[in-house]
Amino acid sequence: MTADSLDRRFEALTGYAPYRWQRRLYEVFMAGEGVDALDLPTGLGKTSVMPLWLLARAAGATLPRRLIYVVDRRAVVDQATAVAESIAARLAPDKPGLAADIRADLGLKGSALLPVSTLRGQYADNRLWLEDPAATAIVVGTVDMIGSRLLFEGYGVSRKMRPVHAGLLGADSLFLIDEAHLVPPFEALVRQAAVMGESDWAAAPGRIASPLQLISLSATGRSRVGVRIFRLDDDDQTDAPVRARLNAPKRLTVASDAAATDLAPRLADEAWRFGTDGRRIVVFCNSRKTAQGVEADLAKRIDKDRDRFAKGARLTELLVGERRYRERLRLTGDAALGIEGSPVFARFQPGAPPDPDGLPAFLVATSAGEVGIDLDGDDLVCDLVAWERMVQRLGRVNRRADPGVANVTVIPSPPDKKDKDAEDEFAEDALGVYRAPFESALWEMGEDGARDASPAALLALKGKGDLAVLLDAAATPEPLRPGLTRPILDSWSLTSLEQHTGRPNVQPWLRGWAKVDPQTVMVWRRLFPLRAGDETRTPSSELKAYFESAAPPHLSESLSAPSWRAAQTLRESAVALIKASQKAGGAPLSGPGHQPVVVLLNAQREVEDLFTVEQLAEANADGLARDLANATVVIDARFRGLDENGLLDAKAKAEPETMDMADRNSWGLPLETTAGRKITFGERPALAVSGGWRLDDFQWSASEADDAPGLWVEVWRGGGESRGDPAISRKPRALAAHHQDTGEQARRIADRLGLGAPWRDVLIAAAEAHDLGKDRDLWQNAMNAPRDDGRPYAKTLGGGVGRLLNGYRHEFGSLRDITLSSGHALPPIVTDHPDHLDLCRHLILAHHGWARPSIKPYDPLDPPSRSEPLAREAALRFARLQARWGPWGLAWWESLLRAADWAASRRLIEEGVAHG
């Protein structure tokens, strides 16, 4: 592809022409040259690796087909997701010209869209990336969400789906870890996984897919040994925008030390001094408590300065973690949902126009604003933290070299040992280590008493030997971490085992052995399936069904906080609730309906306990924090505890808005989400099949009155957990027809992947036999199949009773039929070679996530003496195949058949047959 052609295609995907360094990186991709790390100053568009990868794939480069973009922070604005969605929109089916050409090169046909999925706190995974293993797709997620899935332990993923997630992440995927310096244990884990995967595929019977690959992205200039690093060269600065951003003037001054107790007013003083002539001031604080103090101080000054500001003027915003998603949206806005966002926050977006009245704006932030969010202020005030964090902070001002010079003031302060909110818990003597680079004579001071902190100057510092040593010392030490070994990975891959003593928690592999406060997820609700008196008893089956199945906590209504703070807030809120009730002259918490409660869900999201107001008020703080550790609590909104900004506040005076009393659009839940819910009082609404709405069969009385309206739960399923193969359909589907459909889809996937004989034949053979075990009267009757000549059915109208199966798994029956019966003959190319037959049998047995390594040995056609040897051999077969293909390779194979099965089910929808 010529440079001119690349420029036009790149602009078609992004809206702007590529820089020289981006053209160079594209050529690296096309040449098949390896690159392990991309080390560029912030503000130069590292996320452009997405369109470059996509264009290189479209041009035939041998790159993985899934791009996995990992960001560590659940920032308020997910820039990576916005970039990916923008690219997908520019490749929509209705786009002509170059977009249509790129679509064709990527194999996007008809109405197909580029799959973009997000695995992060406020997003529900739309699972588009799982639907077609042969498709080019982009996945954006956090370290915890992506890392746990890679290790077969996906947070929030059922055991039966974990192999699919792991297989599609561990094979044919390119990992991009943004700001990799923040998570060195995870970076090391992925590099180990890449080496392990390369070894597995090299030893496998066929080099069918590629192992995962990794490119680390960073702007800190941290030294790396033994990796191939892509950096700017001198000629890259011939691009005027690159040169301007590299040399954007930032004048840094280190102020005198501030005592820990005086830090907030000192930061506010300096920010106030800068806040003239419409300047936008960013204030970074190492502590949430300090940030709140700075924002409150500035707000008071604005309110008192009647000469400059009108009464009620809002010129400050607070950007911190531990905020509920609903209120995050009110800060950032979301055009797709019709939410405008904060005018103050909008002023800090790159390219925002100056204030017409010349008013200043102040954005006070913790580390939530340091990475993963595109901020651009005019001046910066901050405390002193580790070097890599200081580099990120400096990158949040004067990103576009306009207007003029950015003033930066750093105020060192010793750590406050009483402040649990401090994010960088450095030792007292570390303050001097952090200061050393800023006081070194090698970092020249200008006549104005300030140092040059432009990106170009920061890059140059790494080339000054003694100063480079000081910079490395001032960086956060990497935490110790465990190594990834095959026995540990094998133990995680045994996903059909509910309990396994050799399966450790994955967190140290993702984060290292670092001090991490236990977290609690907090959700506020108004509706509980309780009657008066229920709150004093063991959680009822209705309460469990409600919060585990009908209306479980949704990510968009959640707030994650340290367990000690969650416990503190609940205790103080309970005490305030009791006092308010007593002050009102009534008995504590008297009134209609049940008393306020807090429902406790364990790490598996199962209802474990509930607390009354009195129990919380009298609880021991440390004991309550232990009870809440790594759990979820659903809090009666009458407790309050959440302020108008979505932050924990036991003194909050108003009940928070809750998702169960809001329309999903007004709440801010995207229409395309796959997991949402609306809970309402009233008559049972009509069952609406169109659009994916369905009504769960849960109903409780709203009061003691017999004629009270019911409590109904509408659940937005959007295709279900796997978007695939429900046994229940709106129209019966014959087993033979379903096998034919699945075989066609397997053939399509195999052809797109370029699978040749014999592996293509193995996949198709498994697809055409995977549901043979449904040909049992036990299964047909349990699933309420029509009693007509159309039996056996693969799909029925429903109304069946699953418990009548007595634990029978139709996959086991399918294995039995191809092993012990001549009723379905596999093709000779499969049966004539043990490796081929092993894989085919395993794919059939594992197509619902079982047989890793075990499955119940039961078939109504056979006695146990005949079934048990099949199950034992299946477990041994799993071990053989895992050794042959590697854990990720075998899981990848399983994902192919499961995707074909799901695609066959979706075909019913395309034919106008809606799922029930």
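Keep in mind that this is a model prediction, so the values were computed, not measured.

Caption draft 1: Structural detail: the overall build of the protein. Scanning the protein from N- to C-terminus turns up 33 helices and 25 strands. Expressed as a percentage of its 916 residues, the buried residues of the protein come to 56%. Considering only intrachain contacts with a sequence separation of at least 6, the fraction spanning at least 24 residues in the protein is 75%. About 36,700 Å² of surface is accessible on the protein, with carbon and sulfur atoms providing 50% of the total.

Caption draft 2: A look at the environment of Phe309. Structurally, Phe309 is set in the loop between α12 (288-304) and β10 (316-319). The spacing of Phe309 and Leu359 is 50 residues in sequence and 8.2 Å in space, taken between C-alpha atoms.

Caption draft 3: Structural context of the sheet that holds strand β3 (residues 116-119). Taking strand neighbours across the sheet as the criterion, the seven strands line up as β3-β4-β2-β5-β6-β1-β7 in an open arrangement whose pairing is parallel. At either end of the open sheet lies a strand with only one pairing partner, and these are β3 and β7 (229-230). Note: strand β1 (residues 37-39) against β7, two bridges, orientation parallel. Each residue of the ladder has a partner; that of Ala37, found in β7, is Ile229.

Caption draft 4: Inspection of the packing of aromatic side chains at higher detail. One pass over the structure, following the stated rule, counts 16 aromatic pairs. Judged by centre distance (5.5 Å) and plane angle (35 degrees), the rings of Phe438 and Trp443 are tilted. Relative to Trp885, the ring of Trp759 has its centre 5.2 Å away and its plane inclined at 85 degrees; by these criteria the two rings are edge-to-face. Residue Trp759 is located in helix α27 (residues 759-767), and its partner Trp885 is located in helix α32 (residues 864-885); the two are separated by 126 residues in the primary sequence. Chaining the aromatic ring pairs together yields one cluster made of Trp201, Trp759, Trp885, Trp892 and Trp893. The side chain of Arg308 reaches across the aromatic face of Trp272, ending 5.4 Å from its centre.

Caption draft 5: Structural view of the pattern of salt bridges. Applying the stated criterion across every chain, the model contains 59 salt bridges. The closest approach of N and O atoms between Arg251 and Asp448, which form a salt bridge, is 2.9 Å. Note that Arg251 is positioned in strand β8 (residues 250-254) and Asp448 in the loop between α16 (430-439) and β14 (451-452), a separation of 197 residues in sequence. Take Arg251: its relative accessible area is 24%, and that puts it in the partly exposed class. Look at Asp448 and you get exposed, because its relative accessible area is 51%. Arg880 is the partner of Glu873 in a salt bridge, and the nearest nitrogen-oxygen pair spans 2.8 Å. Judged by its relative accessible area of 32%, Arg880 falls in the partly exposed class. Among the charged side chains, a network of salt bridges with common partners joins Arg776, Arg816, Asp817, Asp859, Asp862 and Arg866.

Caption draft 6: Looking closely at the environment of Glu478. One can find Glu478 in the loop between α18 (465-473) and α19 (486-493). Sequence spacing of Glu478 and Pro185 is 293 residues, and the spatial spacing of their C-alpha atoms is 7.7 Å.

Caption draft 7: Structural detail: α18. Regarding α18, the residues found buried are Leu467, Ala468 and Leu471. Down the axis, α18 shows its buried residues gathered within 105 degrees of arc, on one side only. Facing away from the buried side of α18 by more than 90 degrees, the exposed set consists of Asp466 and Val469. Those residues of α18 that are buried are in contact with α15 (387-394), α16 and α17 (455-461).

Caption draft 8: Examining the nonpolar core more closely. Counting 79 residues, the largest nonpolar core has Phe175, Phe186, Leu484, Trp885, Trp892 and Trp893 as its most contacted members. When residues in this core are grouped by element, the largest group, 10 residues, is from helix α33 (residues 887-910). If sequence neighbours within four positions are ignored, Trp885 has contacts with Asp200, Trp201, Ala204, Pro205, Gly206, Ile208, Trp759, Leu839, Leu890 and Trp893. Counting residues in hydrophobic clusters, the runner-up holds 46 residues, among them Leu25, Phe29, Ile102 and Ile215.

Caption draft 9: A look at the pairing of strand β18 (residues 607-612). Looking at chain direction, strand β17 (residues 597-601) and β18 are connected through five bridges and run antiparallel. Note on β18: the bridge partner recorded for Val599 is Leu610. Between β17 and β18, which pair antiparallel one after the other, the connecting turn spans five residues, and Arg605 there sits at a positive phi close to 60 degrees.

Caption draft 10: Region of the structure containing the pairing of strand β4 (residues 137-142). With six of six residues buried, β4 lies mostly within the body of the structure. Here β4 shows no split at all, with Ala137, Val139 and Gly141 on one side and Ile138, Val140 and Thr142 on the other all buried. By the bridge criterion, six bridges tie strand β2 (residues 66-71) to β4 in an arrangement that is parallel. Looking at the pairing, Ile68 lines up with Val139 of β4. Strand direction decides the pairing type here: β3 and β4, joined by four bridges, are parallel. The partner of Leu119 across the bridge, within β4, is Gly141.

Caption draft 11: Up close: the packing of α27 against helix α31 (residues 834-845). Following both chains from N to C, one finds α27 and α31 inclined at 35 degrees, their axes separated by 9 Å at the closest point. With respect to the hand of their crossing, α27 and α31 are arranged in right-handed fashion. Facing Trp759, Val762, Leu763, Ala765 and Ala766 of α27, the residues of α31 in contact are His836, Leu839, Cys840, Leu843 and Ile844. Taken together, the residues of the contact of α27 with α31 break down into nine nonpolar, one polar and no charged.

Caption draft 12: Looking closely at the confidence of the model for the protein. Overall, the prediction assigns the protein a mean pLDDT of 84, with 86% of residues at 70 or greater. Note that pLDDT drops below 50 for residues 670-724; the model gives that stretch 138 contacts with residues more than four away or on any other chain.

Caption draft 13: Layout of the sheet that holds strand β9 (residues 280-284). The seven strands are arranged β10-β11-β9-β12-β13-β8-β14 in an open sheet whose pairing can be described as mixed. This sheet does not close on itself; its edge strands, each paired only once, are β10 and β14. Relative to strand β11 (residues 361-365), β10 is paired through four bridges, and the arrangement is parallel. The residue of β11 that forms the bridge with Glu317 is Leu363.

Caption draft 14: Representation of the packing of helix α22 (residues 563-583) against helix α24 (residues 621-628) within the structure. One way to put it is that α22 packs onto α24 with a least axis distance of 8 Å and a crossing angle of 120 degrees. In terms of orientation, α22 and α24 fall into the oblique class. The element α22 and its partner α24 pack so that their crossing is right-handed. In contact with Ser563, Trp564, Ala566, Ala567, Leu570 and Arg571 of α22, α24 contributes Ala621, Leu624, Ala625 and Leu628.

Conventions adopted
Residues numbered from 1 in each chain as written. Predicted model: local features only at pLDDT ≥ 70, side-chain atom pairs only at ≥ 80, totals over all residues. Heavy atoms only, no water. Helix = DSSP H or I, 4+ residues; strand = E, 2+ residues; numbered from the N terminus. Buried < 20%, exposed > 50% of the residue type's maximum accessible area, 1.4 Å probe, protein only. Contact = heavy atoms within 4.5 Å. Areas by Shrake-Rupley, 256 points an atom, 1.4 Å probe, with all protein chains shown as cover. Pairing = 2+ DSSP bridges. Phe/Tyr/Trp six-rings, centres within 6.5 Å; stacked < 30°, edge-to-face > 60°. Lys NZ or Arg CZ within 6 Å of the ring centre and 35° of its normal. Salt bridge = Lys/Arg side-chain N within 4 Å of Asp/Glu carboxyl O. Arc of directions from axis to C-beta. Core = buried A, V, L, I, M, F, W, Y, C linked by side-chain atoms within 4.5 Å. Axes fitted to C-alpha atoms, helices over the stretch in contact; angles between N-to-C directions. Left-handed = near helix turned anticlockwise from the far one by under 90°. Nonpolar A, V, L, I, M, F, W, Y, C, P; charged D, E, K, R; others polar. pLDDT = per-residue confidence, 0-100. Parallel < 35°, antiparallel > 145°, perpendicular 65-115°, else oblique.

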